[in-house]
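# Structural overview
In case you want the letters, here they are:
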Amino acid sequence: MKQAFDFLSKEPIFNDIITRLGFPTIPKRPQGFATLVLFILEQQVSIDSAKATFNKIKVKAPDLLPESLSRLSDEAFRELGVSRQKTAYIKGLAMAIINKEINLESLPYKPAETVRSELIVLKGIGHWTIDIYLMFSLEAPDIMPLGDIAVVNTIKELLDIHTKEEMAKLSENWAPYRSYATYLLWHHYLQKRNRKISYEL
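Structural notes, computed from the coordinates. (Residues numbered from 1 in each chain as written. Predicted model: local features only at pLDDT ≥ 70, side-chain atom pairs only at ≥ 80, totals over all residues. Heavy atoms only, no water.)

## So, the pattern of salt bridges
Counted by the stated rule, this structure contains 10 salt bridges. With a closest N to O distance of 3.5 Å, E113 and R116 form a salt bridge. One end of the pair, E113, and the other, R116, are both in helix α8 (residues 112-119), three residues apart, so they sit about a helical turn from each other. The partner of R116 in a salt bridge is D131, with the nearest N and O atoms 2.7 Å apart. Remark: D131 occurs in helix α9 (residues 127-136) and R116 occurs in helix α8; sequence separation between them is 15 residues. A single network of salt bridges, built from pairs that share partners, joins E113, R116 and D131. (Salt bridge = Lys/Arg side-chain N within 4 Å of Asp/Glu carboxyl O. Helix = DSSP H or I, 4+ residues; strand = E, 2+ residues; numbered from the N terminus.)

Following this line, the structure appears as C-alpha cells:
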C-alpha cells in the first residue's frame, strides 16, 4: 500500500489530495455471494438505500446463501424493496452458483481479466460491479472503474478531462496502482461532500 501511494504521490493531483486530506480508507468486503448481492443492489442507487434493502434481505434470509435467496418469491423480494429486474439478477446469480456455472471461491486465484470474463456472462453483473468486486473483495491493485460516476466526476473536476477515452488514456500513467488512484479520487469526492461510508456487510 505504501509503495502504491509513494508512486502515485509523484502526480500533482494525488500529492495534493494526500497533503490536504491524508490517506484514504481502503474499502474491503468479503468475497462471495452476499457481497455480489449487495453490489447488485447498489447499481444506480445510493449506497445508503442499497444497504437498507440489503439489511431487510438479511432479516428475511440471515444466512444469505444462494439456496435461501433462490427460494424467496418475487413477491417477497418486492416487499423488501427490490425491483423486479434486480430480483432476477440476484436469483440468476444464485442459480448460477447452485448449478456450478460459476465458482466464486476460485476467483481469488485467477487474473483480473479471467475473473471479468467469468462474471460478465451473468445477467446483471456488468463491468462496474466486476470492477468494484475486484477492488473491494479480491484486492486487485490496478482497476480503473470508469463506470463509477464519482470517479468520472472527480476526474472532470480536478483535471478538466471530459471523455472516458481520455480518462482511460490518462489512467495508464497510474498503472500498476489504478485501484489506489481510485481510492484517492473517492477520498476527495467524499471529503468534499462531508460523507462517510461504512463498508461492513
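## What to know about the side chain of D131
For D131, a relative accessible area of 6% translates into the label buried. Leaving out residues up to four positions away in the same chain, D131 has contacts with R116, I143, M144 and P145. (Buried < 20%, exposed > 50% of the residue type's maximum accessible area, 1.4 Å probe, protein only. Contact = heavy atoms within 4.5 Å.)

## A closer look at the packing of aromatic side chains
All chains considered together, the criterion is met by 10 aromatic pairs. Plain terms: the ring middles of F39 and Y133 are 6.5 Å apart, the flat faces sit at 80° to each other, and that makes the pair edge-to-face. Separated by 94 residues along the polypeptide, F39 in helix α3 (residues 33-42) and Y133 in helix α9 bring together distant segments of the chain. Taking relative accessible area as the criterion, F39 reaches 0% and is therefore assigned buried. Clustering of aromatic rings is evident, with ring pairs tying together F5, F7, F23, F39, Y133, F136, Y177, Y180, Y183 and W186. Above the plane of the ring of Y189 lies R193, whose end atom (NZ or CZ) is 3.7 Å from the centre. (Phe/Tyr/Trp six-rings, centres within 6.5 Å; stacked < 30°, edge-to-face > 60°. Lys NZ or Arg CZ within 6 Å of the ring centre and 35° of its normal.)

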